[in-house]
Amino acid sequence: MSKNYVVGFPRIGEQRELKKVLESFWANNCSFKDVKNVAKELKKRHWNYQKDAGIDFISSNDFSLYDNMLDTAIMLGAIPKRFKELKDEELYFSMARGNKHSVAMEMTKWFNTNYHYIVAELSLDDTYELNASKILNEYKEAKELGIKTKINLIGPITFLGLSKRVDRGDTNELFSKILPIYEELLKEIAKLDENITLQIDEPIFAKDNDTKLLSLIKPAYDTLANVSSNINIIVTTYFEHSNEATKILLNTPIWALGLDFLYGEQNLESLKLIQGSSKKLVAGVVDGRNIWKNNILKTNELLETIAKTVDKKDIIVSSSCSLLHSPFTLEYEDKLDVNIKNWLSYAKEKLDEISLVSKLFFNSLDDLNEEETTALDKNFKANQDRKTSALIHDKVVQERVLNNIKLQRDGKYEDRIKLQKSALKYKDLATTTIGSFPQTPEVRQARKEFKNNTISKEVYEANMKAYIDDCVSFQEECGIEILVHGEPERNDMVEYFGEQLKGYGFSQNGWVQSYGSRCVKPPFIYGDISRPKPMTVDWITYAQSKTDKIMKGMLTGPVTILNWSFVRDDKERSEVSKQIAVALSDEIDDLQKAGIKIIQVDEAAFKEGYPLRAQKIKSYEKWAVRDFKIAVSSAKEKTQIHTHMCYSEFNDIIQTIEDMDADVISIETARSGNELLKIFKKYGYKQEVGPGVYDIHSPRIPSVNEIKKQIDMLLEVLPKEQLWINPDCGLKTRRWEEVKPSLVNMVEAVKLVREELK
Ligand code: GLN
Ligand code: ZN
């Protein structure tokens, strides 16, 4: 007896085949039939990988040509009016990506992952209608290959909870339109086979929900579980505990609960209830969203703990969430250090782990065959090796971080800002930018050639310096007051630092789907972090040498570096972040010694790291703020520290932002007028603020007048002494043709405002 389970599998393909064919189709270089052929081949391959690994519960409908939430909208017939005329793939991809006439549907982050889903637009006016073909076909497709799958669906409550209400439709009323379509779907599914297993994903249950949302659970699952006696429903949650929902679900006739015991350790509290319920438990114990080799003995212990309460025969061993959030396979990683590679495991390797974990759990050690014993032995050795390897464990770093660091800068803000204003002599409404300037094809090319050793360091540096020269002279000509060097040497704001920090690794093929055909390849932190040598000083001092104006140093903050990397799982995130902070504090010290007077420490992903549950927010904020302050602790009182954050909702976190104690913060507000700024006033925020005065996410060039109006609005909320003027975010995704006139207009607008204020 051994039962194991995979919540879902990546679909992009081990060589990103899906990405490639989609992009080729969108560029009119192949037909939709080609896309379908690749999709078919990938599904087959992925099912077989799971089958060969000995997985009992393999999914269908975890595949998607773009996104599962979008598929769910299509299944329900929830098509926004602007796309109603379209059909088939044209409809599907227009909803996802927009077309000549209509903007795409919005996209947003899937809980606290880096996956982005398409946000459904719901309205009470719409009539919904079942379109079950994808789901039914995928089941049949697998069955023809001899694989009986469980069917994955996004649950009705999660779908509704994550959708956008076009007409602010009442939740209950909308729900009463959606649920019957799910019922109909289940009736169709019931006809497929004698017995069917259905995984219904309800990750929204892992959040703090109000009673209104929770009150939908019982009627929904009573209804769905009663549609047909030949369907076994598993309600699956992940990323956090879902204890409130578990209580309710146990009183419905569903067959099983899928719970994440890694990121939702508190699910252990529900075991007692499950024990008496005769329900099966799909126990998420193998991490589905990281890259580390499972510690099989430890996982076995966790399972044994669960089995103290829930009968072993009712337990199914599973990944903690869909493997969609892991890269595909280690097979193509031939450049990684062999030691490090031996500590890793991607989706395909995780299949073997799940299989082995379940073998060990359901059998005695003696029952394992030779191959399994060897695998277990290897796993044990790899984990032992990781515990002690000198590549990971750096005594010097550990000692220093533990005993010997400064926790914050000297002086109070009120005193610092006076020193800074008199030393730096910038005007009210000082103009600056967020850091990057357009990454031209030439710049990218030069970086690539340098990386591939096809151009020398000298040629590369000369190239970058020429770009910096251009940036400096443009900024001087157009009259920007605080300059930046433009970041041409940076491929990515995290990777650039990762590449220079010890303890950081890079994969060749560690791609993870971010949205649609887009994948990201996050760097990974495997060991204690230190900074062998300065990372930015040469570039910044070069840029400073080219101007008499102030050149702003540019760093990425510890929390953002952490949040955009795969982080080692043998240390608390807060500890890792602290090590990065200490390394950054050395960089700031060096910049300052080299004569740099303003340093910006970007925390673009500060908010992304927020936990799903309110209960955990305090502790996150505590160490995140602590580490930002450690990073800037080396800054002298008269060195001005800026920070930048990309999102605009500050209501809940304004106190936290203030606690970070940056002298100046630039934020994204251009699209929301001065509404968002009001919180700064209401709260009595004292530090200086640079609310973005135009939206850099669009190629549009804002006029002088438009920017001036924006500044006038800002002045209604905050005094001129407290305001900086800058664009919303970095300009690297824009073209010079857009950037130049936009910034000229920005400077002109400030001139006009200043005159009026005289
Ligand atoms: N300094 C970075 C840049 O300008 C900030 C990017 C960001 O906020 N995402 O590109
Ligand atoms: Zn930004």
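Presented here is an overview of the structure given in this document. Note on numbering: residues in each chain are counted from 1, in written sequence order. To read the labels, note that chains go from A and ligands from 1, taken in the order they are written. Local features in this predicted model are restricted to residues of pLDDT 70 or higher, and side-chain atom pairs are both shown and tallied only at a pLDDT of 80 or more, whereas totals for entire chains, interfaces and linings draw on every residue. Only hydrogens and water are set aside; all other atoms, that is, all heavy atoms of the structure, feed into the side-chain values.

### Side note on the overall build of the protein chain
Only DSSP runs of H or I reaching four residues or more are called helices, and only runs of E reaching two or more are called strands; each is numbered from the N terminus. If you tally the helices and strands in the protein chain, you get 27 helices and 25 strands. In this description the radius of gyration comes from C-alpha coordinates, and the expected globular size is given by 2.2 Å times residues to the power 0.38. The C-alpha radius of gyration of the protein chain comes to 27 Å, within 12% of the 27 Å expected for a compact globule of 758 residues. In terms of overall dimensions, the protein chain has a C-alpha envelope of 80 × 60 × 50 Å along the principal axes. Across the 758 residues in the protein chain, those meeting the buried criterion constitute 60%. Contact definition: two residues touch when any of their heavy atoms are within 4.5 Å. In the protein chain, once contacts between residues fewer than 6 apart in sequence are set aside, the share between residues at least 24 apart is 78%. To measure how exposed things are, a 1.4 Å probe is used in the Shrake-Rupley method; for residues, cover is taken only from the protein chains shown. Accessible surface, the protein chain as shown: approximately 31300 Å² in total, 49% of it carbon and sulfur. Under the convention used here, Asp and Glu are negative, Lys and Arg are positive, and both His and the chain ends fall outside the count. Charge coordinates come from a single atom per side chain, which is NZ of Lys, CZ of Arg, CG of Asp or CD of Glu. Computed over 108 positive and 116 negative side-chain charges, the separation of the two mean positions in the protein chain equals 1 Å. Exposure classes here rest on a 1.4 Å probe applied to the protein chains alone. A residue is buried below 20% of its type maximum, exposed above 50%, and partly exposed in between.

### Describing the coordination of the zinc ion (ligand 2)
Distances from the zinc ion (ligand 2) to its protein donors, His644 (NE2), Cys646 (SG) and Cys729 (SG), fall at 2.0 to 2.2 Å. Of note is the zinc ion (ligand 2), whose four donor atoms meet at the metal with angles of 82 to 123° in an arrangement that counts as irregular. The rule for donors is simple: an N, O or S atom within 2.8 Å of the metal counts, and for Na, K and Ca the reach is 3.2 Å. Water is not among the atoms, so a site may look short of donors. Written as a sequence motif, the donor residues of the zinc ion (ligand 2) are H-x1-C-x82-C. Its relative accessible area of 3% is what places His644 among the buried residues. Assessed through its relative accessible area of 21%, Cys646 is described here as partly exposed. Donor angles set the geometry label: tetrahedral for four donors if every angle is between 85 and 135 degrees, square planar for four and octahedral for six if opposite donors exceed 155 degrees and the others are between 65 and 115, irregular for anything else.

### Brief notes about helix α26 (residues 704–717)
Each residue after the first adds 1.5 Å to the expected span of a helix. Taking 1.5 Å as the rise per residue, α26 with 14 residues should run 20 Å; its terminal C-alpha atoms sit 20 Å apart, in good agreement. Buried residues along α26 sit against α25 (678–683), β24 (688–691), β25 (724–725) and α27 (736–757).

### What to know about the environment of Glu658
For Glu658, the position within the fold is in helix α24 (residues 654–660). Judged by relative accessible area, Glu658 falls into the buried class, the value being 13%. Here the alpha-carbon distance between Glu658 and Ala375, two residues 283 residues apart in the chain, equals 51 Å.

### Some words on the pairing of β24
Because side chains alternate across β24, one face comprises the buried residues Glu688 and Gly690, and the other comprises Val689 and Pro691, equally buried. With four bridges joining them, strand β23 (residues 664–667) and β24 adopt parallel strand pairing. The residue bridging Ile667 from the neighbouring strand is Pro691, located in β24. By this definition, two strands are paired if DSSP reports at least two bridges between them.

### Considering the pairing of strand β19 (residues 550–556)
Counted residue by residue, β19 has seven buried out of seven residues, so it is predominantly covered. Neither face of β19 is left uncovered, since the one carrying Ile550, Lys552, Met554 and Thr556 and the one carrying Met551, Gly553 and Leu555 both have all their residues buried. Pairing geometry for strand β14 (residues 482–483) and β19, over two bridges, is parallel. Counterpart to Leu483 in the pairing with β19 is Met551.

### Quick notes on the site of ligand 1
Taken together, Ile434, Gly435, Ser436, Glu487, Met493, Met554, Asp602, Ala604, His644, Cys646, Cys729 and Gly730 make up the full set of residues near ligand 1. Here a nitrogen atom of ligand 1 and a backbone polar atom of Ile434 are 3.1 Å apart. In the analysis that follows, any N or O atom pair within 3.5 Å is treated as a polar contact, provided that within protein one partner can donate a hydrogen and the other can accept it, and provided that, for residues neighboring in sequence, both atoms belong to side chains. Within the side chain of Asp602, an N or O atom sits 2.6 Å from a nitrogen atom of ligand 1. In isolation ligand 1 exposes 300 Å². Once the protein is present, 92% of that is buried. Three classes are used, and their members are as follows: Ala, Val, Leu, Ile, Met, Phe, Trp, Tyr, Cys and Pro are nonpolar, Asp, Glu, Lys and Arg are charged, and the others, Gly among them, are polar. Across the shell around ligand 1, the residue classes break down as six nonpolar, four polar and two charged. Whether a residue is near a molecule or strand is decided by its heavy atoms; if any one of them lies within 4 Å of it, the residue is near.

### A few points about the environment of Ser436
Within the secondary structure, Ser436 sits in the loop between β13 (430–431) and α17 (441–451). A sequence separation of 52 residues divides Ser436 from Pro488, and the C-alpha atoms of the two residues are 7.4 Å apart. Every residue in contact with Ser436, bar those within four places of it in the chain, is listed here: Gly486, Glu487, Gly730, Leu731 and Lys732. Separated by 3.1 Å, the side chain of Ser436 and the backbone nitrogen of Lys732 make a polar contact.

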